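# An overview of the molecular structure
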Amino acid sequence: MLRLHFTSEDLSRIRFAPRPDALWETVLSATLLGTRRGPAVFDPWRAQIRTRLRRLTPRQGRLLKCLVPPVGDFPDFLTPPQGIRGLEEGIEAVLSTSRFQLHREITALSGPTELTRPLADGETSALAMLGETLRDYHRAAVAPYWPRVQGLIDADRAVRARALLDNSVDGLLAGLRPTLRWHPPVLEADYPVHHDIHLQGRGLLLVPSVFCWRNPITLIDPGLPPVLVYPAVSQRPGWWTDATNPKERRTLANLLGHTRANTLRVIEGGCTTGELARRVGISSPAASQHATALREAGLITSMRQRNTVVHTLTPLGAALVRSNTRPRLDEQG
């Protein structure tokens, strides 16, 4: 059981990651490779990346499995806070880990092996190899799907923001079910070990993740800034589909016309189908029809939250809105 204990100050210091964390997604995706967890959601992704992963050297593959096993813990130094700024800044932070932390965390998890001992000792060549391993693996397994990951995380953030606006912090935390259970002042979840974290006024960073499956995950060291990574609500079969595949490119031809362009612009800030209909000045069935066409074109993501559906832009949809200053909301047709 994982239990996070909040104070009133902690409740006012809850934050959501502004974008996907490159290292958390990289590391968590690696944990899924050696398992059959989430077959409907992840097996197509596993099949697609199999050929690209052959570009990793055998030594890189063994190092990755040693540090990121399919079952069990992996060291905290692999997921520094800088990962939220992008892969390169995250890897730079990993390579700047002190020798003391490297040795402590690698020793605590499994003890240094022939492969990991040079890394535990902070040897420059071993650190360089780790950096290249993370970079090469990300390029093969995560980077091809990054626009989709961004779109799905944006959609999750929109759902959480709406829960906060409608129902305050209590509603936000209660809305994290079924993964997380809010029993004020404790947020709890199923976890492989008993782990109590007393936030003590430090607040909490919540990080939605596409590659976090079923159960949330946090850092091992309770002294580090509190982070909780949880499965994005958008996880579903087909999430990995490239938003720019030929079928979707053909569908873009259907987007011509003022009303549908206005629909796309209205969705920019996130909205429900009912809100979309009111803002554009069309019926709810018409709004649903336009949203369906935009979703099939890979321009929006739609996510059901209880009795409503929340629409948000994908990176492709956002790029289209940015590149077109017209039509405006008053240009309906």
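Look a little higher up for the structure.
A short tour of the structure in this document, coming up. As the structure is a prediction and not an experimental result, all values here were calculated from the model.

### So, the side chain of Ser302
Within the fold, Ser302 resides in strand β10 (residues 300–305). A distance of 2.8 Å separates a polar atom in the side chain of Ser302 from a polar atom in the side chain of Arg295. Polar side-chain contacts of Ser302 include one of 2.7 Å to the side chain of His311. When neighbours within four sequence positions are excluded, Ser302 is seen to be in contact with Arg295, Val309, Val310 and His311.

### What to know about helix α14 (residues 315–322)
All of the buried residues along α14 are Gly317, Ala318 and Val321. Along the axis of α14, the buried residues cluster in a sector spanning 100°; they form a single face. The inward-facing, buried residues of α14 abut α11 (258–267) and β11 (308–313).

### Here's the deal with the packing of aromatic side chains
Following the criterion strictly, the structure yields 7 aromatic pairs and no others. Geometrically, the ring pair formed by Phe6 and Trp182 is edge-to-face, given 5.4 Å between the ring centres and 85° between the ring planes. Taken together, the positions of Phe6 in the loop between β1 (2–5) and α1 (8–11) and Trp182 in strand β3 (residues 181–183) put the pair 176 residues apart, joining distant regions of the chain. Accessibility assignment for this pair places Phe6 and Trp182 in one class, buried. Each ring, one from Trp45 and one from Phe211, has its centre 5.0 Å from the other, and the planes form 55°; the classification is tilted. Of this pair, Trp45 sits in helix α3 (residues 39–53) while Phe211 is found in the loop between β6 (204–209) and β7 (217–218), placing the two residues 166 residues apart along the sequence. Each member of the pair Trp45 and Phe211 is classed as buried. Members of the aromatic cluster, joined through ring pairs, are Phe42, Trp45, Phe211 and Trp213.

### Overview of the sheet that holds β1
Sheet strands associate in pairs through backbone hydrogen bonding, adopting either a parallel or an antiparallel arrangement. Ordered in space as β3-β4-β1-β5, the 4 strands form an open sheet in which the pairing is mixed. Here the strands that pair on one side only, and so sit at the sheet edges, are β3 and β5 (195–198). Pairs of neighbouring strands in the sheet enclose a mean axial angle of 20°, with direction left out of account. Of the strand pairs in this sheet, β1 and strand β4 (residues 186–189) are connected by 4 bridges, and their pairing is antiparallel. When the bridges of β4 are listed, Arg3 appears paired with Glu188.

### Things to note about unusual backbone geometry
The linkage connecting Arg177 with the following residue, Pro178, adopts the cis geometry, with an omega of 5°. With respect to the helices and strands, Pro178 occurs in the loop between α9 (146–174) and β3. The peptide bond linking Pro184 to Pro185 adopts the cis configuration, its omega dihedral lying at 5°. Within the fold, Pro185 resides in the loop between β3 and β4. Although it is not a glycine, Ser168 sits at a positive phi angle of roughly 65°. On the secondary structure map, Ser168 appears in helix α9. With a relative accessible area of 41%, Ser168 lands in the partly exposed category. Located in the positive-phi region is Gln200, a residue other than glycine, with phi close to 55°. Along the chain, Gln200 falls in the loop between β5 and β6. Look at Gln200 and you get exposed, because its relative accessible area is 64%.

Quick notes on the rules
Residues numbered from 1 in each chain as written. Predicted model: local features only at pLDDT ≥ 70, side-chain atom pairs only at ≥ 80, totals over all residues. Heavy atoms only, no water. Helix = DSSP H or I, 4+ residues; strand = E, 2+ residues; numbered from the N terminus. Polar contact = N/O pair within 3.5 Å; in protein donor to acceptor, adjacent residues only side chain to side chain. Contact = heavy atoms within 4.5 Å. Buried < 20%, exposed > 50% of the residue type's maximum accessible area, 1.4 Å probe, protein only. Arc of directions from axis to C-beta. Phe/Tyr/Trp six-rings, centres within 6.5 Å; stacked < 30°, edge-to-face > 60°. Pairing = 2+ DSSP bridges. Axes fitted to C-alpha atoms, helices over the stretch in contact; angles between N-to-C directions.

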